[in-house]
Amino acid sequence: MNIAGKIALVTGASSGIGAATARKLAAEGMTVGLAARRHDRLNALVSEITKAGGRAIPLVTDVTDLVSCQEATKSLIAQFGRIDVLVNNAGLMPLSSVDSLKVDEWQQMVDVNISGVLNATAAVLPQMIAQHSGHIFNMSSIAGRKVFTGLAVYCATKAAVTAFSDGLRMEIGPKHNIRVTCIQPGAVKSELYDHITDADYRKQMDDLAASMTFLEGEDIADSILFALKSPARMDVAELFVLPTEQGW
């Protein structure tokens, strides 16, 4: 499918997979709404994309707040008339053992990883339903398939994203002509690891990074592009993307 001229909203766009995806979509001729909290990062990315000949706008957004997601969506629709793609990418991964009782971190993961996906989806769905077209990408993880020590709550949030994605696809695909793809990466270089406050688990992740070549954000962006460009008759429901050296 030709995606040039289409309009996308990318959450968590200020770094990592989100920023890489925004660059790739803009390079393909899409207009990209960059949704994140850090306005300085967003402005810098808009400048970078514009200099490369693409088009993007900054949308300071807190995905944990439904109204904030709705305002970002309204702004994008007001300027460009539609939303063709949503990439639900915003996420947190502060590893810790459950018995450390870092309850605040648990709640942050639930708020961003689950509620953030629901809020952004709820914000764009009315427009996509009215258009009778659209494509929603939800960023899950290998952790949505397999549980790891130190990631019990994170795994629970990503399992929820995977389950929601499948149910969403079944409900809105045939009825509203909206495709849904759940992206499930393995180890990717990103700022996720900066959220780890437990020194032992941070060292564990540093050791893991030294033992294999992690994926780049661009690799996940390419996976999104593959599903996005697939024929209209084809819905790529899930993409499980791992580093070659990651055997688990």
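Treat the numbers as computed from the prediction; the structure is a model and nothing was measured.

Draft legend 1. Structural context of the overall build of the protein chain. Per the secondary structure count, the protein chain includes 7 helices and 7 strands. Helices and strands in the protein chain line up, N terminus first, as β-α-β-α-β-α-β-α-β-α-β-α-α-β. The C-alpha radius of gyration of the protein chain comes to 17 Å, within 12% of the 18 Å expected for a compact globule of 248 residues. With the C-alpha coordinates of the protein chain rotated into their principal frame, the extents come out at 50 × 40 × 35 Å. Expressed as a percentage of its 248 residues, the buried residues of the protein chain come to 52%.

Draft legend 2. Broad picture of the sheet that holds strand 1 (residues 7–11). Strand order in the open sheet formed by 7 strands is 3-2-1-4-5-6-7, with parallel pairing between adjacent strands. The open sheet terminates on both sides in strands that have one partner only, identified here as strand 3 (55–60) and strand 7 (238–241). Recorded for the sheet is a direction-independent mean angle of 15° between the axes of neighbouring strands. Relative to strand 3, strand 2 (residues 31–36) is paired through 6 bridges, and the arrangement is parallel. Following the sheet pairing, Ala35 is matched in strand 3 by Leu59. Here helix 4 (residues 103–131) sits on the sheet and contacts strand 1, strand 4 (85–88), strand 5 (134–139) and strand 6 (178–185); the angle it forms with strand 4, its principal contact strand, is near 175°.

Draft legend 3. Highlighting the environment of Glu245. On the secondary structure map, Glu245 appears in the segment after strand 7. Exposure remark for Glu245: the relative accessible area of 48% places this residue in the partly exposed category. Spatially, the C-alpha atom of Glu245 lies 31 Å from that of Gln108, the residues being 137 residues apart in sequence. Discounting chain neighbours no more than four positions away, the residues touching Glu245 are Ser211, Met212 and Thr213. Of note is the side chain of Glu245, whose polar atom sits 2.7 Å from the backbone nitrogen of Thr213.

Draft legend 4. Up close: the pattern of salt bridges. Applying the stated criterion to the full structure yields 10 salt bridges. Between Arg23 and Glu48 there is a salt bridge whose closest N-O contact spans 2.7 Å. Of this pair, Arg23 sits in helix 1 (residues 16–27) while Glu48 sits in helix 2 (residues 39–51), and the two are 25 residues apart along the sequence. Relative accessible area serves as the criterion here: at 34%, Arg23 is assigned to the partly exposed category. For Lys74, the salt bridge goes to Glu71, with nearest N and O atoms at 3.8 Å. Placement of both Lys74 and Glu71 in helix 3 (residues 66–80) is noted, with a separation of 3 residues, approximately one turn of the helix.

Draft legend 5. Examining the UniProt feature "domain: Ketoreductase" (unreviewed entry) in the protein chain more closely. UniProt annotation of "domain: Ketoreductase" (unreviewed entry) refers to residues 6–191 when read in the numbering used here. For the annotated span residues 6–191, helix accounts for 51% and strand for 19% of the residues, and the straight-line distance between the end C-alpha atoms is 28 Å.

Draft legend 6. Focus on the environment of Ser14. Among the secondary structure elements, Ser14 is positioned in the loop between strand 1 and helix 1. The exposure class of Ser14 is buried, given its relative accessible area of 12%. Each C-alpha atom, one on Ser14 and one on Arg41, is 5.4 Å from the other, the two residues being 27 residues apart in sequence.

Draft legend 7. Quick peek at the packing of aromatic side chains. If you walk through the whole model with that rule in mind, you get 0 aromatic pairs. Of note, Arg145 hangs over the ring of Phe240, and the distance from its end group to the ring centre comes to 3.8 Å.

Draft legend 8. Local environment of the packing of helix 1 against helix 7 (residues 217–229). Remark: helix 1 packs on helix 7, axes separated minimally by 8 Å, with the N-to-C direction vectors making an angle of 50°. What the angle tells us is that helix 1 and helix 7 run oblique. Handedness of the crossing formed by helix 1 with helix 7: right-handed. The residues of helix 7 that touch helix 1, namely those facing Ile17, Ala20, Thr21, Arg23, Lys24 and Leu25, are Gly217, Glu218, Ile220, Ala221, Asp222, Ile224, Leu225 and Leu228. Class assignment of the residues belonging to the contact of helix 1 with helix 7 gives a composition of 8 nonpolar, 2 polar and 4 charged.

Rules behind the numbers
- Residues numbered from 1 in each chain as written.
- Predicted model: local features only at pLDDT ≥ 70, side-chain atom pairs only at ≥ 80, totals over all residues.
- Heavy atoms only, no water.
- Helix = DSSP H or I, 4+ residues; strand = E, 2+ residues; numbered from the N terminus.
- Rg over C-alpha atoms; globule rule 2.2 N^0.38 Å.
- Buried < 20%, exposed > 50% of the residue type's maximum accessible area, 1.4 Å probe, protein only.
- Pairing = 2+ DSSP bridges.
- Axes fitted to C-alpha atoms, helices over the stretch in contact; angles between N-to-C directions.
- Contact = heavy atoms within 4.5 Å.
- Polar contact = N/O pair within 3.5 Å; in protein donor to acceptor, adjacent residues only side chain to side chain.
- Salt bridge = Lys/Arg side-chain N within 4 Å of Asp/Glu carboxyl O.
- UniProt positions renumbered as here; feature names shortened; annotations may be inferred.
- Phe/Tyr/Trp six-rings, centres within 6.5 Å; stacked < 30°, edge-to-face > 60°.
- Lys NZ or Arg CZ within 6 Å of the ring centre and 35° of its normal.
- Parallel < 35°, antiparallel > 145°, perpendicular 65-115°, else oblique.
- Left-handed = near helix turned anticlockwise from the far one by under 90°.
- Nonpolar A, V, L, I, M, F, W, Y, C, P; charged D, E, K, R; others polar.

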